[in-house]
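Structural features, examined
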Number of protein chains: 2
Amino acid sequence: MAASAGPEIERLIGLLSKLPGLGPRSARRAALALLKRREQLLLPLSDALSEAAARVKTCQVCGSLDTQDPCAICADPARDGTLICVVEEVGALWAMERAGAFRGRYHVLGGLLSALDGVGPDALRIGPLVSRAAEEGVREVILALPATVDGQTTAHYLADRLAGAGVSVTMLARGVPVGGELDWLDDGTIAQAMRARRPA
Amino acid sequence: MAASAGPEIERLIGLLSKLPGLGPRSARRAALALLKRREQLLLPLSDALSEAAARVKTCQVCGSLDTQDPCAICADPARDGTLICVVEEVGALWAMERAGAFRGRYHVLGGLLSALDGVGPDALRIGPLVSRAAEEGVREVILALPATVDGQTTAHYLADRLAGAGVSVTMLARGVPVGGELDWLDDGTIAQAMRARRPA
């Protein structure tokens, strides 16, 4: 960075560059945009961050982030308590909510089992999931985990752990994504879509 | 956004998505990263922003951003006061400083003349530039403006305005960028590099 920018700006750029999606260069552009729009952007963002730091907490039931604990979803009597959708991270929970295809409750694992990264079962919120699944009235646990090696390893492990809980354990369907043209799809997806074919 | 995220998080995401380089999706990922790394990232960034808001000001001489006014460059007696490098924005000034190829002073225009966007001379810091150029001891004004239509329009306009100031007005050279392979370069650059060819 330019020595002329002064330590405050350098520090700001350094922190911004730690955000996913912002490299050193774009962090510099972002810092500049903030400094140029002091009233409309810089100060509001500063407030929003301290506000979030002060008010956002982790839901003790499902592990999601919200300003209330239990979170709005866990506290919502309109949500179907017989269904638990297991997601890797809060980002996946948000994606599910945007899709609007699920009206049950969630359970955020906080990661995936990974031999490479040395992430074992104890590092994830698996114990609480098993206890929740064993609770009165829970019918089904839907494993909405990524279609990656770690995602599938985790799914299989969870299926074993949940075997005794007396709930049915399901996974998201695999197949051709909406708008997916066959000649642009990877072979694995096409093969799975073929294996999982169903009557038209 | 998920209604489950709570207004504080939504507001944070909304503000982050206003940063250059961050769309709605990446802003969501950034917000999540901030909330997950409360102590290391969220609180420090909040502080850095309010600190910058409180301390960073615009240099009354050159228009750059710094915590001191005049800025570190304008106040540095070691910089060559006979040279003034005109840049569009502070970002371009930082880029010049990173290149380390200029030891004079700067003048930040704060934009470019643009008929399309209705940016006229009065919207830019042109008056102050002309007065600075006319000051005792200034020898040369280097127009380091982008090689775009607006950039060149502005450069020609400035050359006219500075004609009477008794300084030589120069522009950055055009040509093949370092590491530039001819077959990847646009025709305009190749043509300019050919016109501006020099003895090897």
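The name given to chain A in an unreviewed UniProt entry is Recombination protein RecR, and the organism recorded there is Phenylobacterium kunshanense. If you open the UniProt record of chain A and go to Function (unreviewed entry), you find "May play a role in DNA repair. It seems to be involved in an RecBC-independent recombinational process of DNA repair. It may act with RecF and RecO." Under the UniProt heading Sequence similarities (unreviewed entry), the note attached to chain A is "Belongs to the RecR family."

What follows concerns the UniProt feature "domain: Toprim" (unreviewed entry) in chain A. In the numbering used here, UniProt assigns the feature "domain: Toprim" (unreviewed entry) to residues 82–177 of chain A. For residues 82–177 of chain A, the helix share is 34%, the strand share is 20%, and the end-to-end C-alpha distance is 28 Å.

We now examine the packing of aromatic side chains. Residue and element names in this part refer to chain A. Scanning the model with the defined rule gives two aromatic pairs over all chains in all. On the numbers, 5.2 Å between centres and 65 degrees between planes, the contact of Phe102 with Tyr106 is edge-to-face. Across the pair, Tyr106 and Phe102 agree in class, each one buried.

Moving on, we get to the UniProt feature "zinc finger region: C4-type" (unreviewed entry) in chain A. According to UniProt, the "zinc finger region: C4-type" (unreviewed entry) feature falls on residues 59–74 of chain A. End-to-end, the C-alpha atoms of residues 59–74 of chain A are 8 Å apart, and along that stretch the chain is 19% helix and 12% strand.

Okay, the interface of chain A and chain B next. Chain A puts 56 residues into the contact, and the matching count from chain B is 56 residues. Of the charged contacts, one joins Glu89(A) and Lys36(B) as a salt bridge, the two residues approaching to 3.8 Å between their closest N and O atoms. The tally of links from chain A across to chain B stands at five residue pairs in polar contact (both at pLDDT 80 or more). Within the residue set of the side of chain A that touches chain B, elements represented by two or more residues are α1 (7–16), α2 (24–36), α3 (38–55), β2 (65–66) and α5 (90–99) of chain A. With 17 residues, the top contributor of residues to the side of chain A that touches chain B is α3(A). The residue makeup of the side of chain A that touches chain B, split by class, is 32 nonpolar, eight polar and 16 charged.

Okay, the pairing of strand β4 (residues 104–108) of chain B next. Looking along a regular strand, one sees side chains alternate from face to face of the sheet. Residue and element names in this part refer to chain B. Extensive coverage of β4 is indicated by the burial of five of its five residues. Pairing of strand β3 (residues 80–87) with β4 involves five bridges; the strand directions are parallel. Along β4, the bridge assignment pairs Ile84 with Arg105. In the classification by handedness, the crossover that spans β3, the intervening helix α5 (residues 90–99) and the parallel β4 is right-handed.

Further remarks concern the sheet that holds β3(B). Residue and element names in this part refer to chain B. Sheet architecture is open: four strands sit in the order β4-β3-β5-β6, paired in parallel fashion. Unpaired on one side and paired on the other, β4 and β6 (168–171) mark the two borders of the sheet. Averaged over neighbouring strand pairs, the angle between their axes works out to 25 degrees when direction is ignored. Relative to strand β5 (residues 140–143), β3 runs parallel, the two sharing four bridges.

On to the packing of α3(A) against helix α3 (residues 38–55) of chain B, then. The description of two packed helices rests on the angle between their axes and on the distance between the axes. Between α3(A) and α3(B), the shortest axis-to-axis distance is 9 Å and the interhelical angle comes to 150 degrees. Remark: the crossing between α3(A) and α3(B) carries left-handed chirality. Here Arg38(A), Leu42(A), Leu43(A), Leu45(A), Ser46(A), Leu49(A), Ser50(A), Ala53(A) and Ala54(A) of α3(A) come into contact with α3(B), specifically with Arg38(B), Leu42(B), Leu43(B), Leu45(B), Ser46(B), Leu49(B), Ser50(B), Ala53(B) and Ala54(B).

Tallied over the entire structure, the rule returns 11 salt bridges over all chains. For Glu97(B), the salt bridge is made with Arg79(B), and the minimal N-O distance between the two is 2.8 Å. Pair noted here: Glu97(B) is in helix α5 and Arg79(B) is in the loop between α4 (72–75) and β3, with a separation of 18 residues, a long-range link. Arg79(B) gets classed as buried once you look at its relative accessible area, which sits at 5%. When salt bridges with common partners are traced through the structure, they connect Glu51(A), Arg55(A) and Glu8(B) into a single cluster.

The next thing to look at is the side chain of Thr67(A). Mapped onto the secondary structure, Thr67(A) falls in the loop between β2 and α4 (72–75). A polar side-chain atom of Thr67(A) sits 3.3 Å from a polar atom in the side chain of Asp66(A). With residues up to four places along the chain from it excluded, the contact list for Thr67(A) reads Arg55(A), Val56(A), Lys57(A) and Glu8(B).

With that settled, consider the packing of helix α6 (residues 126–134) of chain B against helix α7 (residues 149–161) of chain B. Residues and elements named next belong to chain B. At a minimum axis separation of 10 Å, α6 and α7 run at an interaxial angle of 45 degrees. Viewed along their axes, α6 and α7 adopt a mutual orientation that is oblique. Judged by the sense of rotation from one axis to the other, the crossing of α6 with α7 is right-handed. The residues of α7 that touch α6, namely those facing Ile126, Gly127, Leu129 and Val130, are Tyr157, Leu158 and Arg161. Across the contact of α6 with α7, the residue classes break down as five nonpolar, one polar and one charged.

Turning our eyes to something else, we now look at the confidence of the model for chain A. Low pLDDT means the predicted coordinates in that region are not meant to be read closely. Scored by pLDDT, chain A comes out at a mean of 89, with 96% of its residues at no less than 70. What the predictor reports for the complex is a pTM of 0.75 with an ipTM of 0.74.

The end-to-end C-alpha separation of α3(A) is 24 Å, in line with the 26 Å expected for 18 residues at 1.5 Å each. Every buried residue of α3(A) is listed here: Leu41(A), Leu42(A), Pro44(A), Leu45(A), Ser46(A), Ala48(A), Leu49(A), Ala52(A) and Ala53(A). Here the buried face of α3(A) lies against α2 of chain A together with α1 (7–16), α2 (24–36) and α3 of chain B.

Rules and cut-offs
Residues numbered from 1 in each chain as written. Chains lettered and ligands numbered in written order. Predicted model: local features only at pLDDT ≥ 70, side-chain atom pairs only at ≥ 80, totals over all residues. Heavy atoms only, no water. UniProt positions renumbered as here; feature names shortened; annotations may be inferred. Helix = DSSP H or I, 4+ residues; strand = E, 2+ residues; numbered from the N terminus. Phe/Tyr/Trp six-rings, centres within 6.5 Å; stacked < 30°, edge-to-face > 60°. Buried < 20%, exposed > 50% of the residue type's maximum accessible area, 1.4 Å probe, protein only. Contact = heavy atoms within 4.5 Å. Salt bridge = Lys/Arg side-chain N within 4 Å of Asp/Glu carboxyl O. Polar contact = N/O pair within 3.5 Å; in protein donor to acceptor, adjacent residues only side chain to side chain. Nonpolar A, V, L, I, M, F, W, Y, C, P; charged D, E, K, R; others polar. Pairing = 2+ DSSP bridges. Right-handed = clockwise from strand over helix to strand, strands pointing away. Axes fitted to C-alpha atoms, helices over the stretch in contact; angles between N-to-C directions. Left-handed = near helix turned anticlockwise from the far one by under 90°. Parallel < 35°, antiparallel > 145°, perpendicular 65-115°, else oblique. pLDDT = per-residue confidence, 0-100. Expected span 1.5 Å × (residues − 1).

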